[in-house]
Amino acid sequence: MRTTAFPTSQDAENAFYEALERADLEAMMAVWAEDEEIVCVHPTGPRLAGHAQVHENPPAQAGPRRPGAAAAAAVTVVATNIYLRTAVGWRMVLHHASHAPGPIKTPRAQAPPKILH
């Protein structure tokens, strides 16, 4: 049984992303529920279910953000996390991340038609 207790879902969320920034797989796994029904989906990856699949397939680019040229090549993702309050505190049961859409292109405003009387 894990010794880390997360009294709020926000505490679990913070711990997960701090571990992701450090590329600390064990700390990330400590946030997951002990239930084998956990699910994780990385961008363009398959659905991972259960502790073994999630543990064996960490995010490819887990690690801190770096300034400079590498940041320009970084891909932005959006994530949805679902947490469940368990007997040992809040735990993640689902993490889904996908590539963020690019900027929304709005159509250029057309000039009003010229009306001659």
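Everything below is about the structure printed above this text.
Residues numbered from 1 in each chain as written. Predicted model: local features only at pLDDT ≥ 70, side-chain atom pairs only at ≥ 80, totals over all residues. Heavy atoms only, no water.

Undergrad: Go over empty space enclosed by the protein, please, and point to the residues and values.
TA: This model, assessed by the stated rule, comprises one cavity of 30 Å³ or more. Within this model, the largest cavity holds a volume of roughly 80 Å³. For the largest cavity, the full set of lining residues is Phe16, Leu25, Met28, Met29, Trp32, Cys40, His42, Val54, Asn57, Pro58, Pro59 and His95. The leading source of residues in the lining of the largest cavity is helix α2 (residues 25-29), at three residues. Tallied by class, residues from the lining of the largest cavity come to nine nonpolar, three polar and no charged. (1 Å grid on protein atoms, 1.4 Å probe; cavity = no way out; pocket = protein on both sides within 12 Å on 5 of 7 lines; lining within 4 Å. Points joined across faces, edges and corners; volume = space filled by probe spheres on them. Helix = DSSP H or I, 4+ residues; strand = E, 2+ residues; numbered from the N terminus. Nonpolar A, V, L, I, M, F, W, Y, C, P; charged D, E, K, R; others polar.)

Undergrad: Lay out the pairing of strand β3 (residues 77-86) in plain terms, naming residues and giving numbers.
TA: As paired strands, β3 and strand β4 (residues 89-99) are joined by ten bridges and run antiparallel to one another. Residue pairing across strands places Arg85 opposite Trp90, the latter belonging to β4. Here β3 folds back onto β4, and the loop between the two strands holds two residues. (Pairing = 2+ DSSP bridges.)

Undergrad: So what's going on with the packing of aromatic side chains? Which residues, and what values?
TA: Applying the stated criterion across every chain, the model contains one aromatic pair. Centroid distance Phe16 to Tyr17: 5.1 Å. Interplanar angle 90°. Geometry classified as edge-to-face. (Phe/Tyr/Trp six-rings, centres within 6.5 Å; stacked < 30°, edge-to-face > 60°.)

Undergrad: Break down helix α1 (residues 9-22) for me, citing the residues and quoting the values.
TA: When the terminal C-alpha atoms of α1 are compared, their 20 Å separation across 14 residues agrees well with the 20 Å that a helix rising 1.5 Å per residue should span. Listed as buried for α1 are Ala12, Ala15, Phe16, Ala19 and Leu20. For α1, the angular spread of buried residues about the axis comes to 135°, placing them on one side. Contacts made by the buried residues of α1 are with α2, β3 and β4. (Expected span 1.5 Å × (residues − 1). Buried < 20%, exposed > 50% of the residue type's maximum accessible area, 1.4 Å probe, protein only. Arc of directions from axis to C-beta. Contact = heavy atoms within 4.5 Å.)

Undergrad: I'd like to hear about the environment of Arg91, residue by residue, with values.
TA: Within the secondary structure, Arg91 sits in strand β4. C-alpha separation for the pair Arg91 and Thr8, spaced 83 residues apart in sequence, amounts to 9.1 Å. Of the polar contacts made by the side chain of Arg91, one reaches the backbone oxygen of Thr4; its length is 2.5 Å. A polar contact of 3.2 Å, which involves the side chain of Arg91, links it to the backbone oxygen of Ala30. (Polar contact = N/O pair within 3.5 Å; in protein donor to acceptor, adjacent residues only side chain to side chain.)

Undergrad: Can you tell me about the sheet that holds strand β1 (residues 39-41), naming the residues and giving the values?
TA: Strand order across the open sheet formed by four strands is β2-β1-β4-β3, with mixed pairing between neighbours. Here the strands that pair on one side only, and so sit at the sheet edges, are β2 (47-49) and β3. With strand direction ignored, the average angle separating the axes of adjacent strands in the sheet is 20°. Relative to β3, α1 is tilted by about 130°, and along the sheet it contacts β3 and β4. (Axes fitted to C-alpha atoms, helices over the stretch in contact; angles between N-to-C directions.)

Undergrad: Just give me the short version of unusual backbone geometry, but keep the residues and values in it.
TA: Its identity is not glycine, yet Ala23 carries a phi of approximately 55°, on the positive side. Inspection of the secondary structure assignment puts Ala23 in the loop between α1 and α2. At Thr44, a position not held by glycine, the phi torsion is positive, near 60°. Looking at the secondary structure, you find Thr44 in the loop between β1 and β2. Taking relative accessible area as the criterion, Thr44 reaches 78% and is therefore assigned exposed.

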